[in-house]
Amino acid sequence: MTDKAAKTALTPATHTTPPAKFSHGVRKGNILQVAGQVGFLPAVEGRPPTVAGPTLREQTLQTFANVKAILEEGGASWDDVMMMRVYLTDVDHFAEMNEIYNTYFGEQGLKEAPAARTTVYVGLPKGLLIEIDALAVLG
Amino acid sequence: MTDKAAKTALTPATHTTPPAKFSHGVRKGNILQVAGQVGFLPAVEGRPPTVAGPTLREQTLQTFANVKAILEEGGASWDDVMMMRVYLTDVDHFAEMNEIYNTYFGEQGLKEAPAARTTVYVGLPKGLLIEIDALAVLG
Amino acid sequence: MTDKAAKTALTPATHTTPPAKFSHGVRKGNILQVAGQVGFLPAVEGRPPTVAGPTLREQTLQTFANVKAILEEGGASWDDVMMMRVYLTDVDHFAEMNEIYNTYFGEQGLKEAPAARTTVYVGLPKGLLIEIDALAVLG
């Protein structure tokens with residue numbers, strides 16, 4: 001890291017082109033920000049973004065994979081994540097999301113404290129049940 | 001702060017166990033993130049999380065206390081907070097929340113500029129009227 | 001930046017007084033946080049906050065101007081922005097917001113990667129269609 005750190009875009013090969021002039025993730029110095037990710041499958045040229053499936057489980061696991069791909073593109077891992085914001089569309093999904101969340105992070109072999117988290121219930125585009133973004137600070 | 005700062009969990013004695021694999025707060029280097037806090041009373045072993053009361057005032061003041069406990073656990077204070085995100089469930093609560101907010105922060109003896117803030121209206125689990133999270137940068 | 005950085009409030013002359021004890025923006029060291037901005041016109045003494053107009057376009061462009069004023073007050077520019085959070089009230093506004101967003105940022109002459117972004121759909125006070133906040137890291 002130089003005195004004057006540059007901000008670089010993080011665009012994993014698995015990701016669809018953003019629908020607007022924003023980056024899936026950016027890193028500047030030791031700060032890495034992941035944009036709101038949803039359950040889109042890895043991009044296939046010529047095919048529009050396709051959600052992993054209709055269930056909360058399918059979408060949550062794919063969303064985790066999408067966040068992780070951006071972290072890794074920026075040289076970070078789940079251990080560097082300070083905060084995750086989880087947006088659900090339905091309060092009744094909270095318990096199931098937590099089950100999926102706990103199993104997933106139990107399997108990731110975290111070496112440091114798990115990230116802080118906020119979960120709120122909002123509107124999302126039709127068919128999407130979950131969106132997650134993340135702030136990471138590299139060691 | 002060493003070259004390779006560790007991320008540590010901030011878990012005040014007053015807090016209930018998080019319902020999933022996340023931390024109430026984390027600190028890494030000079031960055032401290034407080035997870036979404038609600039108006040739960042200090043934890044009592046064997047009792048499920050209990051909200052401070054049904055009113056916005058009771059819940060807001062308890063939520064502030066919960067955020068503050070995490071800040072202090074991490075060696076920070078309200079003066080270090082850069083951003084607070086306030087989630088309300090009802091637009092009609094904005095004016096009352098601001099009154100409570102102003103009185104509370106008027107009494108905290110802030111030495112520096114008050115934090116930035118965003119307030120939006122979302123869904124929260126039944127019985128909860130407010131949720132707040134915070135990002136702090138230590139001096 | 002000294003060892004012990006102070007947190008300073010960023011209050012552009014164009015801005016109305018915040019309705020509560022928070023800052024429109026704060027900077028501490030190389031971190032700058034912009035509070036949630038809406039489409040209010042530049043403040044006129046004695047006049048209550050007035051929205052730029054009823055359309056998404058008017059409000060979005062004014063909101064961008066308001067965010068930019070705070071960035072500049074803190075010595076930053078759009079190039080320093082890591083994350084923008086866009087709150088809309090209506091999923092049907094997404095495509096139009098993206099058009100306005102792309103045109104606006106196409107004209108800003110960004111030298112670095114565009115910021116990450118999350119867009120969610122929430123409630124806002126009556127008459128407001130968009131709110132945006134931003135986190136910047138200075139070079």
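Residues numbered from 1 in each chain as written. Chains lettered and ligands numbered in written order. Predicted model: local features only at pLDDT ≥ 70, side-chain atom pairs only at ≥ 80, totals over all residues. Heavy atoms only, no water.

Colleague: Explain helix α1 (residues 56-73) of chain B here, please?
Modeller: One turn of the α-helix equals 3.6 residues, which is why residues spaced by three or four share an orientation. Residues and elements named next belong to chain B. End to end, α1 covers 26 Å across 18 residues, agreeing with the expected 26 Å (1.5 Å per residue, within 8%). Buried within α1 we find L56, Q59, T60, Q62, T63, F64, N66, V67, A69, I70 and L71. Positive phi appears at G75, one or two residues downstream of α1, with a value of about 80°. (Helix = DSSP H or I, 4+ residues; strand = E, 2+ residues; numbered from the N terminus. Expected span 1.5 Å × (residues − 1). Buried < 20%, exposed > 50% of the residue type's maximum accessible area, 1.4 Å probe, protein only.)

Colleague: Got a minute to help me understand the packing of helix α1 (residues 56-73) of chain A against helix α2 (residues 94-107) of chain A in this structure?
Modeller: Between two packed helices, the angle of one axis relative to the other and the distance separating the axes together describe the packing. All names here are of chain A. Running from amino to carboxyl end, α1 crosses α2 at an angle of 45°, the nearest separation of the two axes being 10 Å. Judged by the angle between their axes, α1 and α2 are oblique. The hand of the α1/α2 crossing is right-handed. On α2, the residues that touch L56, R57, T60, L61, F64 and K68 of α1 are E96, M97, I100, Y101, Y104 and F105. Considering only residue class, the contact of α1 with α2 consists of 8 nonpolar, 1 polar and 3 charged. (Axes fitted to C-alpha atoms, helices over the stretch in contact; angles between N-to-C directions. Parallel < 35°, antiparallel > 145°, perpendicular 65-115°, else oblique. Left-handed = near helix turned anticlockwise from the far one by under 90°. Contact = heavy atoms within 4.5 Å. Nonpolar A, V, L, I, M, F, W, Y, C, P; charged D, E, K, R; others polar.)

Colleague: Looking at this structure, how should I read the relation of the copies chain A and chain C?
Modeller: Relating one copy of the chain to the other requires a rotation about an axis plus a shift along that axis. Take chain A, turn it by 120°, move it 0.0 Å along the axis, and it overlays chain C with an RMSD of 0.0 Å. On this basis, the relationship between the two copies can be described by a three-fold rotation axis. Scanning chain A for the C-alpha nearest the rotation axis identifies A:V122, at a separation of 3.3 Å. A share of only 10% of interface residues in chain A that are also interface residues in chain C marks the association as one of differing surfaces. (Least-squares fit on C-alpha atoms with pLDDT ≥ 70 in both.)

Colleague: What is the right way to read the sheet that holds strand β1 (residues 7-9) of chain C from this model?
Modeller: All names here are of chain C. Spatial ordering of the open sheet is given by β1-β2-β3-β6-β4-β5, a layout of 6 strands whose pairing is mixed. In this open sheet, the two strands that pair with only one neighbour each are β1 and β5 (116-121). Along the sheet, successive strands turn relative to each other by an average axial angle of 10°, direction set aside. Taken together, the 7 bridges between strand β4 (residues 81-88) and strand β6 (residues 130-137) define a ladder with antiparallel strand orientation. Note on β6: the bridge partner recorded for M84 is A134. (Pairing = 2+ DSSP bridges.)

Colleague: What is the right way to look at the interface of chain B and chain A in this model?
Modeller: Interface size is often expressed as the accessible area that is lost when the parts come together. In this assembly, 30 residues from chain B lie in contact with 29 residues from chain A. Summed over both partners, the interface of chain B with chain A comes to about 2300 Å²; 61% of that surface belongs to carbon and sulfur atoms. Per-residue buried area on chain B facing chain A is highest for B:K7, B:K21 and B:K28; these three make up 32% of the total on that side. Here chain B and chain A share 2 salt bridges between them. Between B:D133 and A:R85 there is a salt bridge, with its nearest N and O atoms 2.7 Å apart. Taken together, the connections running from chain B to chain A amount to 15 residue pairs in polar contact (both at pLDDT 80 or more). At the level of elements, β1 (7-9), β2 (25-28), β3 (31-37), β4 (81-88) and β6 (130-137) of chain B are the ones that each hand at least two residues to the side of chain B that touches chain A. Examining the composition of the side of chain B that touches chain A, we find that 5 residues originate from one element, β3(B), more than from any other. Class assignment for the residues of the side of chain B that touches chain A results in 15 nonpolar, 6 polar and 9 charged. (Buried area = accessible area lost by both parts, 1.4 Å probe. Salt bridge = Lys/Arg side-chain N within 4 Å of Asp/Glu carboxyl O. Polar contact = N/O pair within 3.5 Å; in protein donor to acceptor, adjacent residues only side chain to side chain.)

Colleague: Sorry if this is basic, but what is going on with α2(A) here?
Modeller: Residues and elements named next belong to chain A. Compared with the 20 Å implied by 1.5 Å per residue over 14 residues, the 20 Å span of α2 between its first and last C-alpha is a close match. Three or more residues of α2 are buried, namely M97, N98, I100, Y101, Y104 and F105. Buried residues of α2, seen end-on, are gathered within an arc of 165° and therefore sit on one face of the element. α2 presents A95, E99 and E107 as exposed residues on the side facing more than 90 degrees away from its buried surface. Residues of α2 that are buried in the fold lie against α1, β4 (81-88), β5 (116-121) and β6 (130-137). Backbone geometry just downstream of α2 places G109 in the positive-phi region, at approximately 60°. (Arc of directions from axis to C-beta.)

Colleague: Mind showing me how you'd approach the side chain of A:R117 here?
Modeller: Within the secondary structure, A:R117 sits in strand β5. Salt bridges are absent for the buried A:R117, whose nearest opposite-charge side chain, B:E131, sits at 8.0 Å. Among the polar contacts listed, one links the side chain of A:R117 to the side chain of A:N98, at a separation of 2.8 Å. Aside from chain neighbours lying at most four places away, what touches A:R117 is A:M83, A:M84, A:V86, A:F94, A:M97, A:N98, A:Y101, B:A20, B:F22, B:S23, B:A35 and B:G36. (Lys, Arg positive; Asp, Glu negative; His and termini not counted.)

Colleague: I keep staring at the environment of B:G53 and nothing clicks. Help me out?
Modeller: Residues and elements named next belong to chain B. Its place among the elements puts G53 in the loop between β3 and α1. It is 25 Å that separates the C-alpha atoms of G53 and E73, two residues lying 20 residues apart in sequence. Each residue touching G53, except ones within four places of it in the same chain, is listed here: E58 and Q59.

Colleague: Help me understand the interface of chain A and chain C in this model?
Modeller: Each side of the interface is counted separately: chain A has 30 residues, and chain C has 29 residues. For chain A, the biggest contributors to the area lost against chain C are A:K7, A:K21 and A:K28; these three give 32% of the whole. Where chain A packs against chain C, one counts 2 salt bridges. The interface formed by chain A and chain C contains 15 residue pairs in polar contact (both at pLDDT 80 or more). Per element, the largest residue contribution to the side of chain A that touches chain C is 5 residues, and it comes from strand β3 (residues 31-37) of chain A. Class assignment of the residues belonging to the side of chain A that touches chain C gives a composition of 15 nonpolar, 6 polar and 9 charged.

Colleague: How should I be thinking about the relation of the copies chain B and chain A in this particular structure?
Modeller: At an RMSD of 0.0 Å, chain B and chain A line up after a rotation of 120° and a shift of 0.0 Å along the axis. The two copies present different faces, since only 10% of the interface residues in chain B are matched by interface residues at the equivalent positions in chain A.

Colleague: Is there a simple way to think about the sheet that holds β4(A) in this case?
Modeller: Residues and elements named next belong to chain A. What the 6 strands build is an open sheet, ordered β1-β2-β3-β6-β4-β5; its pairing is mixed. The open sheet has two free edges, formed respectively by β1 (7-9) and β5, since each of these has just one partner strand. Across this sheet, the average inter-strand angle for adjacent strands is 10°, counted without regard to direction. Pairing analysis gives 4 bridges linking strand β2 (residues 25-28) to β3, with the strands arranged antiparallel. Within β3, the position partnered with R27 by the bridge is L32. Sheet strands in contact with α1 are β2, β3, β4 and β6, and its direction is about 25° off that of β6. Docked against the sheet, α2 engages β4, β5 and β6, running at close to 155° with respect to β5.

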